[in-house]
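Coordinates in review
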Amino acid sequence: MRRYENPFSERQKRHEIKTLLTYPQYLELRQRALPLLTPDKHMSEPEGYRVQSVYLDDAFCSAYREKDGGVQHRNKFRIRAYNGSDRFLVLENKEKIDDRIMKTSLQITRADYDAVLSGDFSPLLAYDHPLARQVCALHAARLLRPAVIVEYEREAYVHPLSMVRITFDKRIAAGTNSLDMFDPRLVTRPIFDRQEVVLEIKYGEYFPLYLKQLLQNNGRKLAISKFVQCCDKLKAQYIILTPHGPSADLRQNGASHERLHNGN
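Since the model is a prediction, treat every value here as computed from it, not as a measurement. Every chain is numbered on its own, with residues counted from 1 as its sequence reads. Whole-chain, interface and lining totals are the exception, using all residues; otherwise, since this is a predicted model, local features are given only for residues with pLDDT of at least 70 and side-chain atom pairs are given and counted only at 80 or more. Processing note: side-chain calculations cover all non-hydrogen atoms of the structure and skip hydrogens and water entirely.

Some words on the overall build of the chain
Each helix and strand counted, the chain has six helices and 13 strands in total. Exposure categories follow from relative accessible area, calculated using a 1.4 Å probe and restricted to protein chains: below 20% of the type maximum is buried, above 50% is exposed, and the middle band is partly exposed. Across the 264 residues in the chain, those meeting the buried criterion constitute 49%. What makes two residues a contact is simply this: any of their non-hydrogen atoms within 4.5 Å. Counting contacts in the chain only where the partners sit at least 6 residues apart, residues at least 24 apart contribute 69% of the total. Exposure was quantified through the Shrake-Rupley algorithm and a 1.4 Å probe, taking into account, for residues, occlusion by the shown protein chains and nothing else. As presented, the chain carries roughly 13,900 Å² of accessible surface, and 51% of it is formed by carbon and sulfur atoms. Put simply, DSSP marks the helices as runs of H or I at least four residues long and the strands as runs of E at least two long, and each gets a number from the N terminus on.

Thoughts on the nonpolar core
Of all hydrophobic cores here, the largest spans 65 residues; its most connected members are Tyr113, Leu124, Phe168 and Met181. In terms of residues, this core owes the most to one element, strand S7 (residues 145-159), which gives six residues. The residues contacting methionine 181, other than those within four sequence positions of it, are Gln52, Ser53, Val54, Ile79, Arg80, Ala81, Leu89, Tyr113, Ile149 and Leu186. Grouping buried Ala, Val, Leu, Ile, Met, Phe, Trp, Tyr and Cys residues that are joined through side-chain atoms within 4.5 Å yields what is termed a nonpolar core.

Describing the packing of aromatic side chains
Given two aromatic rings, their pairing is described by the distance between the two centres and the angle made by the two planes. Side-chain rings of Phe, Tyr and Trp (the six-membered ring for Trp) are treated as a pair once their centres are within 6.5 Å; stacked means planes under 30 degrees apart, edge-to-face means over 60, and tilted covers the remaining angles. Scanning the entire structure with this criterion turns up eight aromatic pairs. When the ring of tyrosine 23 is compared with that of tyrosine 26, the centres are 5.3 Å apart and the planes differ by 55°; the resulting orientation is tilted. Of this pair, tyrosine 23 and tyrosine 26 are both found in helix H1 (residues 23-33), three residues apart, which corresponds to roughly one turn of the helix. Within the aromatic cluster, the residues linked to one another by ring pairs are Tyr23, Tyr26, Tyr157 and Phe168. Both a distance and an angle decide whether a charge sits over a ring: NZ of Lys or CZ of Arg must be within 6 Å of the ring centre and within 35 degrees of the ring normal. One Lys or Arg, lysine 226, reaches over the ring of tyrosine 152 and ends 4.9 Å from the middle of that ring.

Section: the pairing of strand S5 (residues 85-97)
The two faces of the sheet receive side chains in turn, since in a regular strand these alternate between them. When strand S4 (residues 73-82) meets S5, the two strands line up antiparallel, connected through nine bridges. Looking at S5, one finds that arginine 74 is bridged to lysine 96. Between the antiparallel neighbours S4 and S5 lie two residues, among them asparagine 83 with a positive phi of about 55°. Pairing between two strands is assigned when DSSP locates at least 2 bridges connecting them. As paired elements, S5 and strand S6 (residues 100-108) share nine bridges and run antiparallel to each other. Its bridge partner being in S6, leucine 89 is matched across the sheet by isoleucine 108. Hairpin connection between S5 and S6: a loop of two residues separates the two successive antiparallel strands, and aspartate 98 in this loop has a positive phi of roughly 55°.

So, helix H3 (residues 110-117)
All of the buried residues in H3 are Asp112, Tyr113, Ala115, Val116 and Leu117. Close packing links the buried residues of H3 with strand S3 (49-57), S4, S5, S6 and S7. The first or second residue beyond H3 is glycine 119, which carries a positive phi of 100°.

By themselves, these observations are geometric and do not establish any function.
Structure, rendered in structure tokens:
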């Protein structure tokens, strides 16, 4: 009989709670929590930093369908950048088993990113890294490829107990006309109409009681991800993105699209 090996045995694992807050709820919660939290090392500005991700999915939309269907063991692949810079690009797999999450990351170059966007995953094999091999295998077997761009502004805070990390994700938007997050013509569309904010709480074996009490709120618990929400936003607008751009008429989306970094 084959011995079962816990995929989390050697890697950091955490619980994750997501809550959708109204903007007033966010302001109130932030004011209560800040005295006990330390800004994340990436927080160079009080308002946070911009996160841009190109999410990958296969020809069967497995990442979308598994998340939407509540599959207990699933993987989500993405390439992530910060503040519009290509100097630090990370290929990531966010794996979830039951109520635990874990990330595996690999820093890649802009040339690698451009190759993946063009459909050539072979440069990743030069890293001789398990994540690179996994992504290349999925590309070959299931046509894993770029699926959607997700952008938002993030405030991130940490607490020394139990690997606690608390983030507020604001101005979440989906790319509507490109799968390249560095495309100067990229336009995005907010996924929420009323400036809602996603609160994410990650922690290790336990969540300190006094932090739990401090962060109590009337927000709505989220069972879906920003990735799924952005995909749904495009579906609602009848937009299907390909490596060559959208395959739908974007005129129905209006002429008021603005980039996230313009503050809209």
